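# Structure at a glance
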Amino acid sequence: MSTIDALSSVCVTERCEYVIYQACCVAVRDRKTGEWLDEHHALEERVALVPTTHAAIGGALWDLEIHTFGVRLHAGPVLAVQKPDSATSALIEQLMHHGSWRLRSAA
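The following refers to the structure shown. (Residues numbered from 1 in each chain as written. Predicted model: local features only at pLDDT ≥ 70, side-chain atom pairs only at ≥ 80, totals over all residues. Heavy atoms only, no water.)

### Concerning the overall build of the protein chain
The condition that has to hold: A run of H or I in DSSP becomes a helix once it reaches four residues, and a run of E becomes a strand once it reaches two; helices and strands are each numbered from the N terminus. Relative accessible area decides the class of each residue, using a 1.4 Å probe on protein chains only: under 20% of the type maximum gives buried, over 50% gives exposed, and in between gives partly exposed. Here a residue-residue contact requires only that any non-hydrogen atoms of the pair lie within 4.5 Å. Per-residue accessibility takes into account occlusion by the displayed protein chains alone, with areas from the Shrake-Rupley method and a 1.4 Å probe.
Each helix and strand counted, the protein chain has 3 helices and 7 strands in total. Sequence-ordered secondary structure for the protein chain, helices as α and strands as β, is α-β-β-β-β-β-β-β-α-α. Here the protein chain holds 107 residues, and the buried ones make up 41% of them. Counting only contacts in the protein chain whose residues sit at least 6 apart along the sequence, the fraction spanning at least 24 positions is 39%. About 6500 Å² of surface is accessible on the protein chain, with carbon and sulfur atoms providing 54% of the total.

If you want it as structure tokens, here you go:
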């Protein structure tokens, strides 16, 4: 397992997949279109999994919280937390080498 894989996770919500590296959101993919988003309020922000306040039987236990400009935003219930696949790990490595988490900057 690479260092990137060990320090990364993908948090899946109803609308998006948030790629997290060392508690920072480094990429967001729209689940409906499958497209990586160039702009999203979570990009380059600190994120945390927090216990949901509205748990239901069979429902999500965690919410994804985004810390931006001193404000905590909720991205929604986390449906799954996964390890990045090889393509996502390669994307993280590409973004790291370009010195920016913005996909447009890495192109």
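Here the narrative resumes.
### Remarks on the pattern of salt bridges
The line we're drawing: Salt bridges are defined by distance alone: a side-chain nitrogen of Lys or Arg within 4 Å of a carboxyl oxygen of Asp or Glu.
Evaluation of the coordinates by the stated rule reveals 2 salt bridges. A salt bridge links Arg-29 to Glu-17; the shortest N-O distance between them is 3.1 Å. Of this pair, Arg-29 sits in strand E3 (residues 24-30) while Glu-17 sits in strand E2 (residues 16-21), and the two are 12 residues apart along the sequence. Of the two residues, Arg-29 and Glu-17, both sit in the buried class. When the shortest N-O distance is used, the salt bridge between Arg-72 and Glu-65 registers 3.9 Å. A residue is classified by how much of its surface remains accessible, and Arg-72, at 57% relative accessible area, is exposed. Its relative accessible area of 8% is what places Glu-65 among the buried residues.

### As for the pairing of strand E6 (residues 71-77)
Strand residues, when the strand is regular, have side chains that alternate between the two faces of the sheet. Rules: A pair of strands is treated as paired once DSSP finds two or more bridges between them.
The pairing of strand E5 (residues 62-68) with E6 spans 6 bridges and is classified as antiparallel. Looking at E6, one finds that His-67 is bridged to Arg-72. Counted between consecutive antiparallel strands, the loop separating E5 from E6 contains 2 residues, among which Phe-69 sits at a positive phi close to 50°.

### Quick look at helix H2 (residues 86-97)
Let me state the cut-off plainly: What a helix should span is 1.5 Å times the count of its residues minus one. By definition, the arc is the one covered by directions from the helix axis to the C-beta atoms.
For H2, which comprises 12 residues, the first-to-last C-alpha distance of 17 Å matches the rise-based estimate of 16 Å (1.5 Å per residue) to within 8%. Taken together, the buried positions of H2 are occupied by Thr-88, Ser-89, Leu-91, Ile-92 and Leu-95. Along the axis of H2, the buried residues cluster in a sector spanning 155°; they form a single face. Across H2 from its buried face, at more than 90 degrees, point the exposed residues Ser-86, Ala-87 and His-97.

### A word on the environment of Cys-16
When you line up the elements, Cys-16 lands in strand E2. Since its relative accessible area comes to 8%, Cys-16 is described here as buried. Spatially, the C-alpha atom of Cys-16 lies 6.5 Å from that of Val-28, the residues being 12 residues apart in sequence. Apart from the residues within four sequence positions on either side, Cys-16 is in contact with Cys-11, Val-28, Arg-29, Arg-31 and His-40.

### Some thoughts on unusual backbone geometry
Excluding glycine, residues mostly carry a negative phi; peptide bonds, for their part, are mostly trans. Non-glycine residue Gln-22 carries a positive phi angle of around 50°. Its place among the elements puts Gln-22 in the loop between E2 and E3. The class for Gln-22 is partly exposed, based on a relative accessible area of 46%. At Glu-44, a residue that is not glycine, the phi angle is positive and equals roughly 65°. Tracing the sequence through the fold places Glu-44 in the loop between E3 and strand E4 (46-51).

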